[in-house]
Amino acid sequence: MNAPFRVLILAFCLFLLPAAATCLSAGEKPLTFGSGPLQSGLWTPAELAGSAADRVIGAVSAPDPSLPPYLPADLPPDLLASLALPPVPPELRGVIRRVNVRGGRKVVAVTFDLCERANNVAGYENRIINLLRAHKLKATFFAGGKWMRSHPEKTLQLMADPRFELGSHTWTHGNLALMDQAQIRAQMQPTQVQYALLRQELVRRAEARGLGARVARVPQALRVMRLPYGRSSKLALEELARAGYPVIQWDVEGERDEEVHSPATIARTDLALIRPGSIVLMHANAVPEKTFEVLTRVLKGLRKRGYELVTLSELLRMGKAETVADGYFSEPGDNLQYDAIFPGKGTLKPDPTRPYTTVPVP
Ligand SMILES: [Zn+2]
């Protein structure tokens with residue numbers, strides 16, 4: 001681009017379209033996720049800390065097919081507009097495993113899935129969240145839409161936290177590799193709507209306390225997603241790119257072989273695998289069971305090694321995303337087995353009377 005043309009573009013951006021996102025390079029628009037004063041203004045420390053009751057996992061039950069009270073077609077136009085995301089740019093398409101960070105900066109994104117299927121209610125591992133908060137650490141949570149609905153207070157607390165980013169983990173943990181376009185949309189859209197409805201509740205409570213201005217820091221929509229089972233298809237990736245969701249996986253399966261190894265062994269393996277720009281997969285829904293112990297050790301090791309924790313959207317701005325066409329846990333193809341194990345296109349826990357693997361799935 002020649003110099004006069006560049007000046008012209010700059011003038012256009014500065015004076016004519018100051019708010020246009022297209023005029024801002026990736027690093028220029030500040031990312032915010034919540035507000036400390038908002039959080040402490042709405043909840044007491046004890047309410048935020050929660051209790052052991054938060055970790056209780058519900059039994060497998062009849063599938064719950066219900067969706068949020070409003071679907072996109074029924075939403076007020078301004079709210080609907082706030083949920084529309086721009087298509088994913090070419091450099092972020094595909095399945096993102098990690099980010100090749102500029103300058104090799106020692107940053108890592110520790111991420112937690114909050115999975116919930118149609119026939120169960122998952123828990124909330126409050127000790128994990130408390131640990132992160134006690135050390136003022138950033139993290140990203142990929143929440144199922146149905147999980148958000150069954151844990152509204154916890155979702156609001158996560159949304160309001162200045163260091164936590166929320167992403168989508170589909171409505172009922174759908175295996176998108178097995179779904180057609182309409183089914184994929186039926187997993188993604190209600191999840192975004194559920195988030196928006198809870199954000200409205202956050203606005204209502206904040207305004208009642210004179211904290212309305214603080215809510216502007218909470219993103220209006222979920223902006224990243226994680227595939228249940230790490231499974232996708234060409235169709236799913238195209239649909240997600242069109243709908244505006246970068247697809248985030250991991251290069252470190254943080255709870256690998258948790259049923260056979262001790263937390264110390266798992267943490268040692270994690271720390272050996274983590275490099276600048278790594279994305280670590282864990283869960284905060286009280287399944288698997290050793291995550292808190294593993295995380296405690298991993299965080300200590302990262303601190304010793306001089307790593308800084310960042311949110312996913314921050315990490316994406318720090319370098320070039322490394323992508324693959326098909327997601328996996330640790331080796332390509334190692335997640336294909338879940339297509340047969342979880343019925344209802346991934347949305348159901350198998351019949352508990354039938355044997356099935358206990359390997360945790362994202
Ligand atoms: Zn999951």
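Cut-offs applied
- Residues numbered from 1 in each chain as written.
- Predicted model: local features only at pLDDT ≥ 70, side-chain atom pairs only at ≥ 80, totals over all residues.
- Heavy atoms only, no water.
- Helix = DSSP H or I, 4+ residues; strand = E, 2+ residues; numbered from the N terminus.
- Buried < 20%, exposed > 50% of the residue type's maximum accessible area, 1.4 Å probe, protein only.
- Contact = heavy atoms within 4.5 Å.
- Areas by Shrake-Rupley, 256 points an atom, 1.4 Å probe, with all protein chains shown as cover.
- Phe/Tyr/Trp six-rings, centres within 6.5 Å; stacked < 30°, edge-to-face > 60°.
- Axes fitted to C-alpha atoms, helices over the stretch in contact; angles between N-to-C directions.
- Parallel < 35°, antiparallel > 145°, perpendicular 65-115°, else oblique.
- Left-handed = near helix turned anticlockwise from the far one by under 90°.
- Core = buried A, V, L, I, M, F, W, Y, C linked by side-chain atoms within 4.5 Å.
- Salt bridge = Lys/Arg side-chain N within 4 Å of Asp/Glu carboxyl O.
- Polar contact = N/O pair within 3.5 Å; in protein donor to acceptor, adjacent residues only side chain to side chain.
- Patch = residues over 30% accessible without salt bridge, like charges linked within 9 Å, V, L, I, M, F, W, Y side chains within 5 Å.
- Lys, Arg positive; Asp, Glu negative; His and termini not counted.
- Charge placed at Lys NZ, Arg CZ, Asp CG, Glu CD.
- Pairing = 2+ DSSP bridges.
- Right-handed = clockwise from strand over helix to strand, strands pointing away.

## Some thoughts on the overall build of the protein
Consideration 1: Counting its secondary structure elements, the protein contains 13 helices and nine strands.
Consideration 2: Looking at the protein residue by residue over its 362 residues, the buried ones come to 51%.
Consideration 3: Taking all contacts inside the protein whose residues are at least 6 apart in sequence as the whole, residues at least 24 apart take part in 84%.
Consideration 4: Accessible surface computed for the protein: about 16200 Å², of which carbon and sulfur atoms make up 59%.

## Some words on the packing of aromatic side chains
Think of a pair of aromatic rings as described by two things: how far the centres are apart, and how the planes are tilted against each other in angle.
Consideration 1: Counted according to the given criterion, the structure contains eight aromatic pairs.
Consideration 2: Ring geometry for Tyr229 versus Phe342: centroids 5.1 Å apart, planes at 45°, classification tilted. Taken together, the residues Tyr229 in the loop between helix H8 (181-208) and helix H9 (234-243) and Phe342 in the segment after helix H13 (338-341) connect sequence positions 113 residues apart.
Consideration 3: By relative accessible area, which is 5% here, Phe342 ends up buried.

## A short note on the packing of helix H5 (residues 126-134) against helix H11 (residues 291-304)
Consideration 1: Contact pair H5 / H11: the axes reach a minimum separation of 9 Å and the direction vectors enclose 15°. With respect to each other, H5 and H11 are oriented roughly parallel. Crossing of H5 over H11 shows right-handed handedness. Where H5 approaches H11, its residues Arg127, Ile128, Leu131 and Leu132 are matched on the opposing element by Thr291, Phe292, Glu293, Leu295, Thr296 and Leu299.

## A look at the nonpolar core
Consideration 1: Among the nonpolar cores identified, the biggest contains 50 residues, and Leu38, Phe112, Leu132, Phe141, Leu158, Leu202 and Leu302 are the most heavily contacted of them.
Consideration 2: Element by element, the count of residues in this core is highest for H11, at six residues.
Consideration 3: The contact partners of Leu132, leaving out residues within four places of it in the chain, are Phe112, Leu137, Ala139, Phe141, Phe164 and Leu299.
Consideration 4: Counting 25 residues, the second-largest nonpolar core is a separate cluster that includes Leu92, Trp250, Met318 and Phe342.

## Quick word on the pattern of salt bridges
Working definition: two side chains of opposite charge can pair if their charged atoms are close together.
Consideration 1: What the rule picks out here adds up to 20 salt bridges.
Consideration 2: For Arg127, the salt bridge is made with Glu293, and the minimal N-O distance between the two is 4.0 Å. With a gap of 166 residues between them, Arg127 in helix H5 and Glu293 in helix H11 connect regions that are remote in the sequence.
Consideration 3: Here Glu293 falls in the partly exposed class, since its relative accessible area comes to 27%.
Consideration 4: Between Glu238 and Lys234 there is a salt bridge, and its shortest N-O distance comes to 3.0 Å. Pair noted here: Glu238 and Lys234 are both in helix H9, with a separation of four residues, about one helical turn.
Consideration 5: The partly exposed category is assigned to Glu238, whose relative accessible area is 39%.
Consideration 6: The class for Lys234 is exposed, based on a relative accessible area of 63%.
Consideration 7: Within the structure, one salt-bridge network assembled from shared partners comprises Glu153, Glu201, Arg204 and Arg205.

## Topic: unusual backbone geometry
Consideration 1: A cis amide bond, omega -5°, links Val287 with the succeeding residue Pro288.
Consideration 2: The residue Pro288 is located in the loop between strand S7 (278-283) and H11 in this model.
Consideration 3: At Ala286, a position not held by glycine, the phi torsion is positive, near 70°.
Consideration 4: Judged by its relative accessible area of 12%, Ala286 falls in the buried class.
Consideration 5: Residues other than glycine seldom take positive phi values, yet Lys345 does so here, at roughly 55°.
Consideration 6: Using a relative accessible area of 34% as the deciding quantity, one classes Lys345 as partly exposed.

## Overview of the side chain of Thr170
Consideration 1: Counting through the fold element by element, Thr170 comes out in the loop between strand S4 (164-168) and H8.
Consideration 2: Separated by 3.0 Å, the side chain of Thr170 and the backbone nitrogen of His173 make a polar contact.
Consideration 3: The residues touching Thr170, leaving out its near neighbours within four places in the chain, are Ala143, Gly144, Gly145, Leu176, Gln187, Met188, Thr191, Met225 and Pro228.

## Some remarks on the environment of Gln249
Consideration 1: Looking at where Gln249 falls in the secondary structure, it is placed in the loop between strand S5 (247-248) and strand S6 (252-253).
Consideration 2: C-alpha separation for the pair Gln249 and Pro362, spaced 113 residues apart in sequence, amounts to 9.3 Å.
Consideration 3: Sequence-distant contacts of Gln249, that is, excluding residues within four places in its chain, are made with Val95, Ile96, Arg97, Arg226, Gly230, Ile279, Gly327 and Tyr328.
Consideration 4: Engagement of the side chain of Gln249 in a polar contact is seen with the backbone nitrogen of Tyr328, the distance being 3.4 Å.

## A word on the environment of Lys154
Consideration 1: For Lys154, the location among the structural elements is in helix H7 (residues 152-160).
Consideration 2: Each C-alpha atom of the pair Lys154 and Asp54 lies 9.1 Å from the other, and the pair is 100 residues apart in sequence.
Consideration 3: Beyond its immediate sequence surroundings of up to four residues, Lys154 is in contact with Glu47, Gly50, Asp54, Tyr124 and Trp147.

## Describing a positive patch on the surface
Consideration 1: A contiguous patch of positive charge on the surface is contributed by Lys106, Arg297, Lys300, Arg303, Lys304 and Arg305.
Consideration 2: In this structure, Lys304 sits in helix H11.

## Concerning the pairing of S7
Consideration 1: Of all six residues making up S7, six are buried, and the element is well covered by its neighbours.
Consideration 2: A two-sided burial pattern is seen for S7, the buried positions comprising Ser278, Val280 and Met282 on one face and Ile279, Leu281 and His283 on the other.
Consideration 3: Examined bridge by bridge, strand S2 (residues 107-114) and S7 share six bridges and lie parallel to one another. From the neighbouring strand, Asp113 faces S7, where its bridge partner is His283.
Consideration 4: With two bridges connecting them, S6 and S7 associate as parallel partners. Bridge assignment links Val252 to a residue of S7, and that residue is Val280.
Consideration 5: Handedness of the crossover joining S6 and S7 through helix H10 (residues 263-273): right-handed.

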